[in-house]
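Observations on the three-dimensional arrangement
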Amino acid sequence: ANKLRRKVALTIGNGDYTRSDNKLTHCTKNAADLSDLLQKIGFDINEIHTNIKRDDEMNIIFQKFANTIEDDDIILFYFSGHGYQIDHVNYLIPIGDKYIENESDIADFGVNAEHALELLLEKKKSYAMIFILDSPTSYSFKDKSESG
């Protein structure tokens, strides 16, 4: 017998970064458009999150979403905005990036994407997890030679 599974999604679109050279024009619209589409196919979306300023705010959003997950859910997470990888670790960058001057600042002011994924998986046993990171361009540091 086919069981109807609950479908839940968290979407974040970050585009209005502090430094003008890091601003992204379509990320918030992409998150909103995807949320609309997901709702049409039966996903529960409590809120569309856009332009999250700080890493602690993003971590709270992850925690609140994780608390809504139930056993056997289908979970979708979508992040559109800047990301950065250091030593095979991916970070999601909030828009309040004025203190990120070089690569060594990323771990302090970004959100570890693997930890976010683990948080979503640790609460309950999901049926399936879809984790989409949409980072359209390279992140620029104040010193352009270090961008990636």
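Look up: the structure comes first, before these words.
This report concerns the structure included in the present document.

Analysis parameters
- Residues numbered from 1 in each chain as written.
- Predicted model: local features only at pLDDT ≥ 70, side-chain atom pairs only at ≥ 80, totals over all residues.
- Heavy atoms only, no water.
- Pairing = 2+ DSSP bridges.
- Helix = DSSP H or I, 4+ residues; strand = E, 2+ residues; numbered from the N terminus.
- Phe/Tyr/Trp six-rings, centres within 6.5 Å; stacked < 30°, edge-to-face > 60°.
- Lys NZ or Arg CZ within 6 Å of the ring centre and 35° of its normal.
- Core = buried A, V, L, I, M, F, W, Y, C linked by side-chain atoms within 4.5 Å.
- Buried < 20%, exposed > 50% of the residue type's maximum accessible area, 1.4 Å probe, protein only.
- Salt bridge = Lys/Arg side-chain N within 4 Å of Asp/Glu carboxyl O.
- Axes fitted to C-alpha atoms, helices over the stretch in contact; angles between N-to-C directions.
- Parallel < 35°, antiparallel > 145°, perpendicular 65-115°, else oblique.
- Left-handed = near helix turned anticlockwise from the far one by under 90°.
- Contact = heavy atoms within 4.5 Å.
- Nonpolar A, V, L, I, M, F, W, Y, C, P; charged D, E, K, R; others polar.

So, on to the sheet that holds strand S7 (residues 111-112). Strand order in the open sheet formed by 3 strands is S5-S6-S7, with antiparallel pairing between adjacent strands. Edge positions in the sheet fall to strand S5 (83-86) and S7, since each of these pairs with one other strand and no more. Where S5 and strand S6 (residues 89-92) come together, 4 bridges link them in antiparallel fashion. Within the sheet, the bridge partner assigned to Gly83 lies in S6 and is Leu92.

With that settled, consider the packing of aromatic side chains. One pass over the full model with this rule turns up 5 aromatic pairs. Between Tyr99 and Phe109, the aromatic rings sit 5.9 Å apart at their centres with planes inclined by 25°, giving stacked as the arrangement. In this pair, Tyr99 sits in the loop between S6 and helix H3 (106-109) while Phe109 sits in helix H3, placing the two residues 10 residues apart along the sequence. Three or more aromatic residues link up through ring pairs in this structure, and these residues are Phe62, Phe77 and Phe131. For Arg5, the ring lying beneath its charged end belongs to Tyr127, and the centroid distance is 3.5 Å.

On to the nonpolar core. Of all hydrophobic cores here, the largest spans 31 residues; its most connected members are Phe62, Phe77, Leu92 and Ile106. Looking at this core, the elements that each hand over two or more residues are strand S1 (7-13), helix H2 (55-68), strand S4 (74-80), S5, S6 and helix H4 (113-122). It is H2 that provides the largest number of residues to this core, a total of 5 residues.

Here we take up the pattern of salt bridges. Side-chain pairing between opposite charges can occur once the charged atoms of the two side chains come close. All told, the structure shown has 8 salt bridges when counted by the stated rule. One salt bridge connects Glu70 with Arg6, and the closest N-O pair in it is separated by 3.7 Å. Residue Glu70 is found in the loop between H2 and S4, and its partner Arg6 is found in the segment before S1; the two are separated by 64 residues along the sequence. With a relative accessible area of 27%, Arg6 lands in the partly exposed category. The structure contains a network of salt bridges with shared partners spanning Arg6, Glu70 and Asp73.

Right, let's get into the environment of Leu119. Secondary-structure assignment places Leu119 in helix H4. Along the sequence, Leu119 and Tyr78 sit 41 residues apart, while their C-alpha atoms lie 15 Å from each other.

This part takes up the packing of H2 against H4. Where H2 meets H4, the axes come as close as 8 Å, and the angle between the chain directions of the two elements is 25°. The pairing of H2 with H4 is recorded here as roughly parallel in orientation. The hand of the H2/H4 crossing is right-handed. Taken together, the residues of H4 that come into contact with H2 (itself represented by Phe62, Gln63, Phe65 and Ala66) are Ala116, Leu119 and Leu120. Considered class by class, the residues forming the contact of H2 with H4 number 6 nonpolar, 1 polar and no charged.

By themselves, these figures tell us nothing about what the structure is for.
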